[in-house]
Amino acid sequence: MTINYQVVMDILTSQLGSDAVSNDPVRRFAWSTDASYFRIVPEIVVHADTVEQVKITLNVARAHNVPVTFRAAGTSLSGQAIGEGILLILGHDGFRTIDISEDKSSIALGAAVIGSDANAALKPFNKKIGPDPATLASAQIGGMVANNASGMCCGTAQNSYQTIKSAKLMLVDGTELDTGCPHSKAAFSQSHAMLLAALTDLAELTQNNPTLAARIRKKFSIKNTTGYSINSLVDFTDPFDIINHLIVGSEGTLAFVNEITYHTVEEAQFKASAMAVFFNMEDAASAIPLIKGDSVAAAELLDWASIKSVTGKTGMPEWLSELPEGAAILLIESRANDSQTLDSYTSDVIEKIAHIKTERPIEFSKDPAVFGQY
Ligand SMILES: Cc1cc2nc3c(=O)[nH]c(=O)nc-3n(C[C@H](O)[C@H](O)[C@H](O)COP(=O)(O)OP(=O)(O)OC[C@H]3O[C@@H](n4cnc5c(N)ncnc54)[C@H](O)[C@@H]3O)c2cc1C
(Lines give C-alpha, C1' and ligand atoms only; values in the text may rest on other atoms or scores of the structure.)
Protein backbone atom coordinates (compact mmCIF):
# COMPACT_ATOMS: atom_id res chain seq x y z
CA MET A 1 0.00 0.00 0.00
CA THR A 2 1.53 3.32 -1.08
CA ILE A 3 1.31 5.95 1.62
CA ASN A 4 0.14 9.41 0.61
CA TYR A 5 2.01 11.47 3.19
CA GLN A 6 0.38 14.74 2.11
CA VAL A 7 -3.02 13.28 3.02
CA VAL A 8 -1.68 12.07 6.37
CA MET A 9 -0.12 15.50 6.95
CA ASP A 10 -3.38 17.27 6.18
CA ILE A 11 -5.40 15.05 8.52
CA LEU A 12 -2.88 15.41 11.36
CA THR A 13 -2.75 19.19 10.89
CA SER A 14 -6.52 19.46 10.97
CA GLN A 15 -6.73 17.38 14.16
CA LEU A 16 -3.62 18.54 16.03
CA GLY A 17 -3.09 22.07 14.71
CA SER A 18 -0.22 23.34 12.57
CA ASP A 19 2.04 24.12 15.56
CA ALA A 20 2.23 20.45 16.48
CA VAL A 21 2.84 18.98 13.01
CA SER A 22 5.44 19.69 10.37
CA ASN A 23 6.66 18.28 7.07
CA ASP A 24 8.98 21.18 6.40
CA PRO A 25 12.15 19.70 4.81
CA VAL A 26 14.53 21.59 7.12
CA ARG A 27 12.74 20.43 10.27
CA ARG A 28 12.54 16.86 8.98
CA PHE A 29 16.27 16.91 8.27
CA ALA A 30 17.00 18.42 11.69
CA TRP A 31 15.16 15.54 13.39
CA SER A 32 16.83 12.83 11.29
CA THR A 33 19.64 11.93 13.70
CA ASP A 34 20.07 10.80 17.28
CA ALA A 35 23.40 10.06 19.00
CA SER A 36 24.07 7.15 16.63
CA TYR A 37 25.83 7.01 13.25
CA PHE A 38 22.54 6.82 11.40
CA ARG A 39 20.37 9.29 9.55
CA ILE A 40 16.76 8.55 8.69
CA VAL A 41 14.67 11.50 7.56
CA PRO A 42 11.07 11.28 8.85
CA GLU A 43 8.22 12.27 6.53
CA ILE A 44 6.29 14.05 9.29
CA VAL A 45 7.31 15.40 12.67
CA VAL A 46 4.71 15.59 15.45
CA HIS A 47 5.26 17.28 18.82
CA ALA A 48 2.86 15.80 21.36
CA ASP A 49 2.16 17.36 24.74
CA THR A 50 -0.88 15.28 25.71
CA VAL A 51 -2.00 11.67 25.65
CA GLU A 52 -4.90 12.76 23.44
CA GLN A 53 -2.45 14.02 20.81
CA VAL A 54 -0.59 10.71 20.91
CA LYS A 55 -3.86 8.83 20.52
CA ILE A 56 -4.85 10.94 17.50
CA THR A 57 -1.44 10.41 15.91
CA LEU A 58 -1.56 6.65 16.43
CA ASN A 59 -5.12 6.46 15.09
CA VAL A 60 -4.20 8.35 11.91
CA ALA A 61 -1.00 6.34 11.50
CA ARG A 62 -2.86 3.06 11.91
CA ALA A 63 -5.53 4.06 9.40
CA HIS A 64 -2.87 4.97 6.81
CA ASN A 65 -0.37 2.23 7.62
CA VAL A 66 2.32 4.74 8.59
CA PRO A 67 5.17 3.70 10.92
CA VAL A 68 5.62 5.81 14.07
CA THR A 69 8.83 6.26 16.05
CA PHE A 70 8.74 7.82 19.51
CA ARG A 71 11.49 10.16 20.57
CA ALA A 72 12.36 11.56 23.98
CA ALA A 73 15.74 13.34 24.30
CA GLY A 74 17.20 11.53 21.28
CA THR A 75 20.44 10.42 22.98
CA SER A 76 20.12 6.83 21.76
CA LEU A 77 23.26 5.28 20.34
CA SER A 78 21.76 2.77 17.90
CA GLY A 79 19.27 4.77 15.84
CA GLN A 80 16.20 3.81 17.86
CA ALA A 81 15.09 7.46 18.26
CA ILE A 82 14.87 8.12 14.50
CA GLY A 83 12.60 6.65 11.88
CA GLU A 84 10.78 7.01 8.63
CA GLY A 85 7.07 7.84 8.61
CA ILE A 86 6.01 9.86 11.64
CA LEU A 87 8.52 10.89 14.29
CA LEU A 88 6.52 11.57 17.46
CA ILE A 89 8.54 13.79 19.77
CA LEU A 90 7.60 14.28 23.40
CA GLY A 91 6.55 17.93 23.55
CA HIS A 92 8.12 20.89 25.25
CA ASP A 93 5.47 21.23 27.94
CA GLY A 94 3.66 17.93 28.31
CA PHE A 95 4.53 14.73 30.16
CA ARG A 96 6.54 16.67 32.76
CA THR A 97 4.69 15.78 35.97
CA ILE A 98 6.65 14.72 39.05
CA ASP A 99 4.72 13.25 41.96
CA ILE A 100 6.51 11.82 45.00
CA SER A 101 4.54 9.48 47.26
CA GLU A 102 3.96 10.57 50.84
CA ASP A 103 6.41 8.05 52.26
CA LYS A 104 8.95 8.91 49.48
CA SER A 105 9.18 5.25 48.51
CA SER A 106 7.98 5.89 44.96
CA ILE A 107 7.87 8.62 42.35
CA ALA A 108 5.47 9.01 39.40
CA LEU A 109 7.18 10.66 36.44
CA GLY A 110 5.84 11.92 33.14
CA ALA A 111 7.65 10.46 30.13
CA ALA A 112 9.39 13.76 29.29
CA VAL A 113 10.85 14.36 32.76
CA ILE A 114 14.64 14.57 32.58
CA GLY A 115 16.36 12.04 34.85
CA SER A 116 18.36 14.62 36.79
CA ASP A 117 15.19 16.67 37.44
CA ALA A 118 13.61 13.60 39.04
CA ASN A 119 16.71 13.21 41.21
CA ALA A 120 16.72 16.91 42.14
CA ALA A 121 13.13 16.50 43.39
CA LEU A 122 14.15 13.44 45.45
CA LYS A 123 17.43 14.85 46.79
CA PRO A 124 15.95 16.49 49.95
CA PHE A 125 14.81 13.01 51.03
CA ASN A 126 18.16 11.31 50.29
CA LYS A 127 16.49 9.31 47.54
CA LYS A 128 16.97 9.00 43.79
CA ILE A 129 15.67 6.99 40.86
CA GLY A 130 17.50 3.75 40.10
CA PRO A 131 18.59 4.20 36.46
CA ASP A 132 21.72 6.32 36.12
CA PRO A 133 22.86 6.52 32.49
CA ALA A 134 25.75 8.91 31.86
CA THR A 135 23.18 11.07 30.02
CA LEU A 136 21.00 11.51 33.13
CA ALA A 137 21.07 15.30 32.70
CA SER A 138 19.47 15.03 29.22
CA ALA A 139 17.74 11.65 28.93
CA GLN A 140 14.01 11.56 29.61
CA ILE A 141 12.06 8.93 31.49
CA GLY A 142 10.29 7.54 28.38
CA GLY A 143 13.65 6.97 26.69
CA MET A 144 15.32 5.63 29.81
CA VAL A 145 12.58 3.06 30.36
CA ALA A 146 12.30 2.10 26.69
CA ASN A 147 16.10 1.59 26.51
CA ASN A 148 16.35 0.05 29.99
CA ALA A 149 19.17 2.52 30.47
CA SER A 150 21.59 1.93 33.29
CA GLY A 151 24.89 3.39 34.35
CA MET A 152 27.95 2.80 36.45
CA CYS A 153 26.20 2.46 39.79
CA CYS A 154 22.80 0.98 39.08
CA GLY A 155 24.03 -1.92 36.91
CA THR A 156 21.38 -4.63 36.79
CA ALA A 157 20.32 -4.12 40.42
CA GLN A 158 18.58 -0.74 40.17
CA ASN A 159 17.71 -0.36 36.47
CA SER A 160 14.17 0.34 35.23
CA TYR A 161 13.39 -3.38 35.11
CA GLN A 162 14.18 -3.78 38.83
CA THR A 163 12.70 -0.50 40.06
CA ILE A 164 9.53 -0.04 37.98
CA LYS A 165 6.38 -0.05 40.12
CA SER A 166 3.73 0.66 37.49
CA ALA A 167 3.23 2.29 34.10
CA LYS A 168 0.63 4.32 32.27
CA LEU A 169 0.71 3.07 28.70
CA MET A 170 -1.06 3.45 25.40
CA LEU A 171 -1.15 0.49 23.02
CA VAL A 172 -1.07 0.89 19.27
CA ASP A 173 -4.85 0.38 19.14
CA GLY A 174 -5.27 3.47 21.34
CA THR A 175 -6.15 1.54 24.50
CA GLU A 176 -4.85 3.08 27.70
CA LEU A 177 -3.65 0.91 30.54
CA ASP A 178 -2.48 1.93 34.00
CA THR A 179 -0.83 -1.13 35.52
CA GLY A 180 -1.04 0.55 38.95
CA CYS A 181 -4.81 1.06 38.83
CA PRO A 182 -7.19 -1.84 39.64
CA HIS A 183 -10.04 -0.25 37.60
CA SER A 184 -7.84 0.16 34.55
CA LYS A 185 -6.61 -3.42 34.88
CA ALA A 186 -10.17 -4.71 35.21
CA ALA A 187 -11.25 -2.85 32.07
CA PHE A 188 -8.18 -4.10 30.19
CA SER A 189 -8.92 -7.67 31.31
CA GLN A 190 -12.28 -7.33 29.57
CA SER A 191 -11.04 -5.60 26.41
CA HIS A 192 -7.76 -7.53 25.96
CA ALA A 193 -8.48 -10.92 27.52
CA MET A 194 -6.81 -12.75 24.64
CA LEU A 195 -3.61 -10.75 24.93
CA LEU A 196 -3.41 -11.40 28.68
CA ALA A 197 -4.11 -15.11 28.22
CA ALA A 198 -1.43 -15.35 25.52
CA LEU A 199 1.12 -13.67 27.81
CA THR A 200 0.22 -16.01 30.66
CA ASP A 201 0.64 -19.02 28.34
CA LEU A 202 3.96 -17.74 27.04
CA ALA A 203 5.27 -17.30 30.59
CA GLU A 204 4.09 -20.79 31.55
CA LEU A 205 5.68 -22.29 28.44
CA THR A 206 8.98 -20.54 29.19
CA GLN A 207 8.99 -21.44 32.86
CA ASN A 208 8.20 -25.08 32.08
CA ASN A 209 11.22 -25.30 29.79
CA PRO A 210 14.14 -25.55 32.27
CA THR A 211 16.86 -25.21 29.61
CA LEU A 212 15.33 -22.07 28.13
CA ALA A 213 14.49 -20.59 31.53
CA ALA A 214 18.05 -21.19 32.78
CA ARG A 215 19.50 -19.63 29.62
CA ILE A 216 17.32 -16.52 29.98
CA ARG A 217 18.22 -16.19 33.68
CA LYS A 218 21.94 -16.48 32.88
CA LYS A 219 21.74 -13.93 30.04
CA PHE A 220 19.93 -11.40 32.20
CA SER A 221 22.15 -11.90 35.26
CA ILE A 222 24.58 -9.57 33.49
CA LYS A 223 23.82 -6.24 31.80
CA ASN A 224 21.76 -7.21 28.78
CA THR A 225 19.75 -4.48 27.15
CA THR A 226 19.58 -5.88 23.64
CA GLY A 227 16.02 -6.84 22.78
CA TYR A 228 12.95 -7.28 24.93
CA SER A 229 13.20 -8.00 28.65
CA ILE A 230 12.13 -11.60 28.13
CA ASN A 231 13.33 -12.34 31.66
CA SER A 232 9.86 -11.04 32.59
CA LEU A 233 8.56 -14.36 31.24
CA VAL A 234 10.56 -16.30 33.81
CA ASP A 235 10.29 -13.79 36.66
CA PHE A 236 6.50 -13.29 36.71
CA THR A 237 3.23 -15.14 36.26
CA ASP A 238 0.75 -12.21 36.50
CA PRO A 239 0.29 -10.88 32.94
CA PHE A 240 0.19 -7.26 34.19
CA ASP A 241 3.57 -7.75 35.87
CA ILE A 242 4.83 -9.19 32.59
CA ILE A 243 3.53 -6.19 30.60
CA ASN A 244 5.10 -3.78 33.11
CA HIS A 245 8.49 -5.36 32.66
CA LEU A 246 8.27 -6.13 28.94
CA ILE A 247 7.83 -2.41 28.32
CA VAL A 248 11.25 -1.88 29.84
CA GLY A 249 13.71 -2.14 26.96
CA SER A 250 11.00 -2.34 24.29
CA GLU A 251 12.36 0.75 22.49
CA GLY A 252 8.91 2.13 21.75
CA THR A 253 7.73 -0.96 19.87
CA LEU A 254 5.13 -2.28 22.33
CA ALA A 255 3.41 0.82 23.68
CA PHE A 256 3.68 4.54 24.24
CA VAL A 257 4.86 5.28 27.76
CA ASN A 258 2.88 8.14 29.24
CA GLU A 259 4.03 7.93 32.87
CA ILE A 260 6.20 5.63 34.95
CA THR A 261 6.13 5.09 38.69
CA TYR A 262 9.47 3.97 40.08
CA HIS A 263 10.36 2.62 43.48
CA THR A 264 12.92 5.14 44.73
CA VAL A 265 16.35 4.01 45.92
CA GLU A 266 18.55 5.33 48.74
CA GLU A 267 21.06 8.02 47.84
CA ALA A 268 24.11 7.60 50.04
CA GLN A 269 25.07 10.87 51.68
CA PHE A 270 28.80 10.27 51.82
CA LYS A 271 30.88 9.34 48.78
CA ALA A 272 34.54 9.02 47.92
CA SER A 273 36.36 8.10 44.72
CA ALA A 274 39.86 6.97 43.87
CA MET A 275 41.73 6.44 40.65
CA ALA A 276 43.94 3.43 41.21
CA VAL A 277 46.65 3.48 38.54
CA PHE A 278 48.29 0.14 37.77
CA PHE A 279 51.29 -0.61 35.57
CA ASN A 280 49.33 -3.06 33.45
CA MET A 281 45.90 -4.46 32.77
CA GLU A 282 46.60 -7.76 34.51
CA ASP A 283 47.33 -6.06 37.84
CA ALA A 284 44.22 -3.86 37.51
CA ALA A 285 42.03 -6.86 36.70
CA SER A 286 43.45 -8.86 39.60
CA ALA A 287 42.38 -6.11 42.01
CA ILE A 288 38.71 -6.39 41.06
CA PRO A 289 37.73 -9.65 42.84
CA LEU A 290 39.68 -8.50 45.90
CA ILE A 291 37.74 -5.27 46.39
CA LYS A 292 34.33 -6.64 45.41
CA GLY A 293 31.89 -6.33 48.32
CA ASP A 294 30.22 -3.74 50.55
CA SER A 295 33.18 -1.36 50.48
CA VAL A 296 32.80 -0.62 46.76
CA ALA A 297 29.62 0.81 45.24
CA ALA A 298 30.98 0.94 41.69
CA ALA A 299 34.17 0.44 39.74
CA GLU A 300 35.12 1.10 36.16
CA LEU A 301 38.16 -0.19 34.32
CA LEU A 302 40.02 2.00 31.84
CA ASP A 303 42.49 0.26 29.54
CA TRP A 304 45.46 1.90 27.83
CA ALA A 305 43.43 2.71 24.70
CA SER A 306 40.78 4.57 26.70
CA ILE A 307 43.40 6.40 28.79
CA LYS A 308 45.16 7.54 25.60
CA SER A 309 41.88 8.68 24.07
CA VAL A 310 41.25 11.22 26.86
CA THR A 311 44.82 12.26 27.74
CA GLY A 312 45.34 15.99 27.21
CA LYS A 313 41.62 16.70 26.86
CA THR A 314 39.98 19.52 28.79
CA GLY A 315 39.15 18.57 32.35
CA MET A 316 41.45 15.52 32.43
CA PRO A 317 44.16 15.20 35.11
CA GLU A 318 47.53 16.36 33.71
CA TRP A 319 49.39 13.37 35.11
CA LEU A 320 47.68 11.08 32.58
CA SER A 321 50.32 12.14 30.03
CA GLU A 322 53.10 10.85 32.32
CA LEU A 323 51.76 7.29 32.58
CA PRO A 324 53.86 4.44 31.16
CA GLU A 325 52.54 2.67 28.08
CA GLY A 326 50.17 -0.17 28.95
CA ALA A 327 48.97 1.38 32.22
CA ALA A 328 45.41 0.67 33.39
CA ILE A 329 43.16 2.57 35.77
CA LEU A 330 40.49 1.34 38.11
CA LEU A 331 38.07 4.12 39.01
CA ILE A 332 36.60 3.13 42.37
CA GLU A 333 33.65 4.68 44.17
CA SER A 334 32.63 3.98 47.78
CA ARG A 335 29.41 5.18 49.40
CA ALA A 336 27.97 5.19 52.91
CA ASN A 337 25.38 6.94 55.02
CA ASP A 338 27.91 8.19 57.56
CA SER A 339 31.46 9.45 57.38
CA GLN A 340 32.90 6.77 59.68
CA THR A 341 31.59 3.90 57.58
CA LEU A 342 32.86 5.59 54.44
CA ASP A 343 36.35 5.86 55.97
CA SER A 344 36.28 2.19 56.93
CA TYR A 345 35.27 1.28 53.35
CA THR A 346 38.05 3.28 51.72
CA SER A 347 40.69 1.92 54.15
CA ASP A 348 39.42 -1.58 53.45
CA VAL A 349 39.88 -1.12 49.69
CA ILE A 350 43.38 0.31 50.06
CA GLU A 351 44.39 -2.51 52.42
CA LYS A 352 43.05 -5.26 50.18
CA ILE A 353 45.10 -4.20 47.18
CA ALA A 354 48.14 -2.83 49.03
CA HIS A 355 50.27 -5.75 47.81
CA ILE A 356 49.70 -4.86 44.15
CA LYS A 357 52.25 -2.36 42.80
CA THR A 358 50.60 0.86 41.64
CA GLU A 359 52.01 3.73 39.60
CA ARG A 360 50.97 6.24 42.26
CA PRO A 361 49.58 5.91 45.81
CA ILE A 362 45.84 5.15 45.93
CA GLU A 363 44.06 8.11 47.49
CA PHE A 364 40.33 8.46 47.94
CA SER A 365 38.83 11.93 47.64
CA LYS A 366 35.58 13.07 49.23
CA ASP A 367 35.77 16.38 47.42
CA PRO A 368 32.77 16.56 45.03
CA ALA A 369 34.86 18.59 42.58
CA VAL A 370 37.48 15.82 42.42
CA PHE A 371 35.17 12.83 42.11
CA GLY A 372 32.98 14.82 39.73
CA GLN A 373 36.07 15.21 37.54
CA TYR A 374 36.79 11.47 37.80
C1 LIG B 1 27.48 10.19 25.66
C2 LIG B 1 26.40 9.16 25.89
C3 LIG B 1 26.48 8.38 27.05
C4 LIG B 1 25.51 7.41 27.27
N5 LIG B 1 25.60 6.66 28.42
C6 LIG B 1 24.69 5.71 28.65
C7 LIG B 1 24.78 4.93 29.83
O8 LIG B 1 25.63 5.13 30.70
N9 LIG B 1 23.85 3.95 29.99
C10 LIG B 1 22.87 3.71 29.08
O11 LIG B 1 22.07 2.81 29.29
N12 LIG B 1 22.75 4.46 27.97
C13 LIG B 1 23.62 5.45 27.73
N14 LIG B 1 23.50 6.22 26.61
C15 LIG B 1 22.35 6.00 25.70
C16 LIG B 1 21.13 6.89 26.02
O17 LIG B 1 21.55 8.14 26.48
C18 LIG B 1 20.21 6.31 27.07
O19 LIG B 1 19.75 5.05 26.71
C20 LIG B 1 19.01 7.23 27.41
O21 LIG B 1 18.31 6.69 28.48
C22 LIG B 1 18.03 7.45 26.26
O23 LIG B 1 17.07 8.40 26.67
P24 LIG B 1 16.45 9.47 25.67
O25 LIG B 1 15.51 10.32 26.43
O26 LIG B 1 17.51 10.17 24.93
O27 LIG B 1 15.63 8.52 24.71
P28 LIG B 1 15.56 8.50 23.12
O29 LIG B 1 16.92 8.29 22.57
O30 LIG B 1 14.80 9.64 22.63
O31 LIG B 1 14.67 7.20 22.91
C32 LIG B 1 15.11 5.93 23.35
C33 LIG B 1 14.11 4.86 22.95
O34 LIG B 1 12.93 5.08 23.68
C35 LIG B 1 11.79 5.15 22.84
N36 LIG B 1 10.89 6.09 23.49
C37 LIG B 1 11.11 7.39 23.79
N38 LIG B 1 10.06 7.92 24.41
C39 LIG B 1 9.14 6.94 24.52
C40 LIG B 1 7.83 6.87 25.06
N41 LIG B 1 7.27 7.91 25.65
N42 LIG B 1 7.17 5.69 24.99
C43 LIG B 1 7.74 4.61 24.40
N44 LIG B 1 8.96 4.62 23.86
C45 LIG B 1 9.66 5.76 23.93
C46 LIG B 1 12.35 5.62 21.51
O47 LIG B 1 11.52 5.22 20.44
C48 LIG B 1 13.69 4.90 21.49
O49 LIG B 1 13.51 3.59 21.03
C50 LIG B 1 24.45 7.22 26.34
C51 LIG B 1 24.37 8.02 25.20
C52 LIG B 1 25.33 8.99 24.99
C53 LIG B 1 25.22 9.85 23.77
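Residues numbered from 1 in each chain as written. Predicted model: local features only at pLDDT ≥ 70, side-chain atom pairs only at ≥ 80, totals over all residues. Heavy atoms only, no water.

What is the right way to read the overall build of the protein chain from this model?
Each helix and strand in the protein chain was counted, giving 15 helices and 14 strands. Considering only C-alpha atoms, the protein chain reaches an extent of 70 × 50 × 45 Å along its principal axes. The 374 residues of the protein chain split such that 46% are buried. For the protein chain, the proportion of contacts with a sequence separation of at least 24, taken over those separated by at least 6, is 66%. Of the roughly 18700 Å² of accessible surface on the protein chain, a fraction of 53% belongs to carbon and sulfur atoms. (Helix = DSSP H or I, 4+ residues; strand = E, 2+ residues; numbered from the N terminus. Buried < 20%, exposed > 50% of the residue type's maximum accessible area, 1.4 Å probe, protein only. Contact = heavy atoms within 4.5 Å. Areas by Shrake-Rupley, 256 points an atom, 1.4 Å probe, with all protein chains shown as cover.)

Would you explain the site of the ligand in this entry?
Neighbouring residues of the ligand: 30 residues in total, closest Phe 70, Thr 75, Ser 76, Thr 135 and Ser 150. Residue Thr 135 places a side-chain N or O atom 2.7 Å away from an oxygen atom belonging to the ligand. One of the backbone N or O atoms of Gln 140 is found 2.8 Å from an oxygen atom in the ligand. Burial of the ligand by the surrounding chains reaches 84%, relative to a free accessible area of 970 Å². Contributing elements (two or more residues each) for the shell around the ligand: β3 (68-71), α5 (141-146) and β10 (256-263). The dominant element in the shell around the ligand, judged by the number of residues it contributes, is α5, at four residues. Broken down by class, the residue content of the shell around the ligand amounts to 17 nonpolar, 11 polar and two charged. (Near = heavy atom within 4 Å. Polar contact = N/O pair within 3.5 Å; in protein donor to acceptor, adjacent residues only side chain to side chain. Nonpolar A, V, L, I, M, F, W, Y, C, P; charged D, E, K, R; others polar.)

Can you walk me through the pattern of salt bridges in this structure?
If charged atoms from side chains of opposite charge come close, those side chains can pair. Evaluated as defined, the whole model comprises 11 salt bridges. One salt bridge in this structure joins Lys 127 and Glu 266, with 2.8 Å as the shortest N-O distance. Of this pair, Lys 127 sits in strand β7 (residues 127-128) while Glu 266 sits in strand β11 (residues 265-266); the two residues are 139 residues apart in sequence, bridging distant segments of the chain. Among the residues examined, Lys 127 registers a relative accessible area of 16% and is labelled buried. The exposure class assigned to Glu 266 is exposed, which follows from its relative accessible area of 51%. Among the salt bridges present, the one from Lys 168 reaches Glu 259, with a minimum N-O distance of 3.6 Å. A residue pair is termed long-range when its members are at least 10 positions apart, and Lys 168 in strand β8 (residues 164-170) and Glu 259 in strand β10 qualify at 91 residues. Judged by its relative accessible area of 29%, Lys 168 is partly exposed. (Salt bridge = Lys/Arg side-chain N within 4 Å of Asp/Glu carboxyl O.)

What's the story with the packing of aromatic side chains in this structure? I'm lost.
Both the distance between ring centres and the angle between the ring planes are used here to describe each pair of aromatic rings. What the rule picks out here adds up to four aromatic pairs. Both rings, one in Tyr 161 and one in Phe 236, keep their centres 6.4 Å apart while their planes meet at 50°; by these two values the pair is tilted. Here the residue Tyr 161 occupies a position in helix α6 (residues 160-163), and Phe 236 occupies one in the loop between α10 (232-235) and α11 (239-247), the gap between them amounting to 75 residues. Across this residue pair, the class does not change: Tyr 161 and Phe 236 are buried. Counting every residue linked through ring pairs, the aromatic cluster contains Phe 70, Phe 95 and Phe 256. The ring centre of Phe 125 lies 4.4 Å from the NZ or CZ of Lys 104, which sits over that ring. For Lys 357, the ring lying beneath its charged end belongs to Phe 279, and the centroid distance is 5.4 Å. (Phe/Tyr/Trp six-rings, centres within 6.5 Å; stacked < 30°, edge-to-face > 60°. Lys NZ or Arg CZ within 6 Å of the ring centre and 35° of its normal.)

How should the domain arrangement of the protein chain be read in this particular structure?
Interfaces are often described in size by the accessible area the parts lose on coming together. What the domain assignment reports for the protein chain is domain 1 (5-90), domain 2 (98-266) and domain 3 (270-373). Look at where the C-alpha atoms of domain 2 and domain 3 centre, and you get two points 33 Å apart. (Domains from an automatic or database assignment.)

In this structure, what is going on with the side chain of Ser 106? I would like to understand it.
Tracing the backbone shows Ser 106 in strand β6 (residues 106-110). Owing to a relative accessible area of 6%, Ser 106 belongs among the buried residues under this scheme. With residues up to four places along the chain from it excluded, the contact list for Ser 106 reads Asp 99, Ile 100, Ser 101, Lys 165, Thr 261, Tyr 262, His 263 and Thr 264.

Before we go on, may I ask you to explain the environment of Met 1 in this structure?
One can find Met 1 in the segment before α1 (5-16). By relative accessible area, which is 74% here, Met 1 ends up exposed. For Met 1 and His 64, which are 63 residues apart along the polypeptide, the C-alpha to C-alpha distance reads 8.9 Å. Setting aside residues up to four positions removed in sequence, Met 1 forms contacts with Ala 63, His 64 and Asn 65.

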